[in-house]
Amino acid sequence: FFDNDLDSGFAVTPILNSHAVHDPQTRQTIVRLLSSMGSAKEISQYLKRFSQLDAARFAVVKVGGAVLRDDLDALVSSLAFLQDVGLTPIVIHGAGPQLDVELSAAGIEKNTIDGLRVTSPEALAIVRRVFHAQNLKLVEALQAADARATSIVSGVFEADYLDRERLGLVGQVKRVDLAPIQASLQSGSIPVIASLGETVGGQILNVNADFAANELVQVLQPYKIVFLTGTGGLLDAQGRIIDSINLSTEYDHLMQQPWIEGGMRVKIEQIKGLLEGLPLASSVSITKPSELAKELFTHKGSGTLVRR
Ligand code: X2W
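If you're wondering where the values come from, they're calculated on a predicted model, not measured in any experiment.

(A) Structural detail: the environment of Ser120. Looking at the element boundaries, Ser120 is found in the loop between β5 (116-117) and α6 (121-144). As a C-alpha pair, Ser120 and Leu169 span 49 residues in sequence and 6.2 Å in three-dimensional space.

(B) Summary view of the site of the ligand. Inspection of the region around the ligand gives 17 residues, with Lys62, Gly65, Gly96, Arg117 and Ala209 positioned closest. Here Asn206 contributes a side-chain N or O atom positioned 3.0 Å from an oxygen atom of the ligand. Broken down by secondary-structure element, the contributors of at least two residues to the shell around the ligand are α5 (96-105) and β5. Among the elements that take part in the shell around the ligand, α5 stands out by supplying three residues, more than any other. Looking at the shell around the ligand residue by residue, the classes come out as eight nonpolar, seven polar and two charged.

(C) The packing of aromatic side chains, seen in detail. Under the defined criterion, the tally for this structure stands at five aromatic pairs. Relative to Phe50, the ring of Tyr46 lies with its centre 6.0 Å away and its plane at 35°, an arrangement referred to as tilted. Here Tyr46 and its partner Phe50 are both found in helix α2 (residues 40-51), four residues apart, which amounts to about one turn of the helix. Owing to a relative accessible area of 0%, Phe50 belongs among the buried residues under this scheme. The ring of Tyr161 has Arg164 lying over it, and the distance from NZ or CZ to the ring centre is 4.1 Å. Above the face of the Tyr251 ring, Lys272 is positioned so that its terminal group lies 4.7 Å from the ring centre.

(D) Highlighting the sheet that holds strand β14 (residues 283-287). Reading across from one edge, β6-β9-β3-β2-β12-β14-β15-β13 is the order of the eight strands in this open sheet, with mixed pairing throughout. Whereas interior strands pair on both sides, the edge strands pair on one side only; in this sheet they are β6 (149-152) and β13 (244-246). The mean inter-strand angle of the sheet, taken between neighbouring strand axes irrespective of direction, is 20°. Where strand β12 (residues 224-228) meets β14, three bridges bridge the pair, whose relative direction is parallel. The residue of β14 that forms the bridge with Val226 is Ser285. Relative to the sheet, helix α8 (residues 179-186) contacts β3 (90-93), β6 and β9 (190-194), its axis offset from that of β9 by approximately 155°.

(E) Representation of the pairing of strand β2 (residues 59-63) within the structure. Of all five residues that make up β2, five are buried, and the element is covered over most of its length. Taking every second residue as pointing to the same face, both faces of β2 are buried, with Ala59, Val61 and Val63 on one and Val60 and Lys62 on the other. In this sheet, β3 lies alongside β2 in parallel orientation, the contact comprising four bridges. From the neighbouring strand, Val60 faces β3, where its bridge partner is Ile90.

What counts as what
Residues numbered from 1 in each chain as written. Predicted model: local features only at pLDDT ≥ 70, side-chain atom pairs only at ≥ 80, totals over all residues. Heavy atoms only, no water. Helix = DSSP H or I, 4+ residues; strand = E, 2+ residues; numbered from the N terminus. Near = heavy atom within 4 Å. Polar contact = N/O pair within 3.5 Å; in protein donor to acceptor, adjacent residues only side chain to side chain. Nonpolar A, V, L, I, M, F, W, Y, C, P; charged D, E, K, R; others polar. Phe/Tyr/Trp six-rings, centres within 6.5 Å; stacked < 30°, edge-to-face > 60°. Buried < 20%, exposed > 50% of the residue type's maximum accessible area, 1.4 Å probe, protein only. Lys NZ or Arg CZ within 6 Å of the ring centre and 35° of its normal. Pairing = 2+ DSSP bridges. Axes fitted to C-alpha atoms, helices over the stretch in contact; angles between N-to-C directions. Contact = heavy atoms within 4.5 Å.

Structural data, given as structure tokens:
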């Protein structure tokens with residue numbers, strides 16, 4: 001999947017993250033706000049490091065549809081907090097559970113192949129509507145919390161049919177256009193991106209949000225890659241969150257475990273593919289919205305850390 005010749009226009013002027021955190025007083029306030037999570041020293045270190053990054057290289061945060069449904073308030077306050085401290089994450093979201101509901105209400109039966117939704121022309125009309133509605137819901141909630149956010153529902157993912165015969169109007173990303181994202185970052189506004197693609201001919205396609213996030217990550221190579229999920233991490237047989245997974249030593253063993261359910265299996269496979277396109281030291285964090293700051297600003301982090 002990652003071998004397709006991704007082409008990107010990443011020759012843009014870097015936009016540094018805001019200098020707000022260089023102001024000692026602001027920094028002190030932030031450290032105090034986060035003091036329950038970690039030591040002042042580590043929090044300061046992370047703040048400093050993040051503020052020196054090109055804004056497009058700070059963080060890609062993938063938000064599952066379940067989080068938009070169940071945990072919107074925590075999501076909004078976590079993202080707004082980052083903006084308050086001068087950091088702008090790039091947000092890409094799905095809408096899986098919402099699509100299940102709306103398609104079913106329209107009498108369209110759910111059919112997936114390898115976790116991908118078979119999408120007919122009738123289904124696509126609903127997919128588009130639901131993606132737009134979920135995107136606006138998040139953007140408006142951010143704005144209501146005094147955060148600046150930009151709705152991006154097209155123009156980022158140029159796609160091709162993944163398997164038109166079997167899947168219908170489902171896309172595979174061919175090219176990522178960063179221009180809309182850069183424009184948003186330029187004004188310090190959080191880009192909120194829906195995972196819809198379009199062909200060169202203008203046909204809109206349904207793209208799995210994890211796949212779209214992966215493609216975005218390959219192009220941006222951000223410092224932090226965070227998947228926000230309903231569970232807040234990968235769960236073991238007892239339903240407890242697994243602290244960390246080292247794929248180089250644990251992948252085969254993990255995939256053989258009978259308790260790993262289908263969705264998680266797909267997720268681990270996807271993350272493995274994603275990490276293979278990144279420098280060896282990269283990692284992916286899976287956590288929940290209320291623990292995003294802890295994940296970003298402490299050594300211990302939160303949720304599950306997946307390494308190569
Ligand atoms: C996904 C897009 C939504 C998605 C779907 O139709 O469900 C395909 O399967 P979550 O909430 O992140 O799972 N697309 C092709 O991925 O949303």
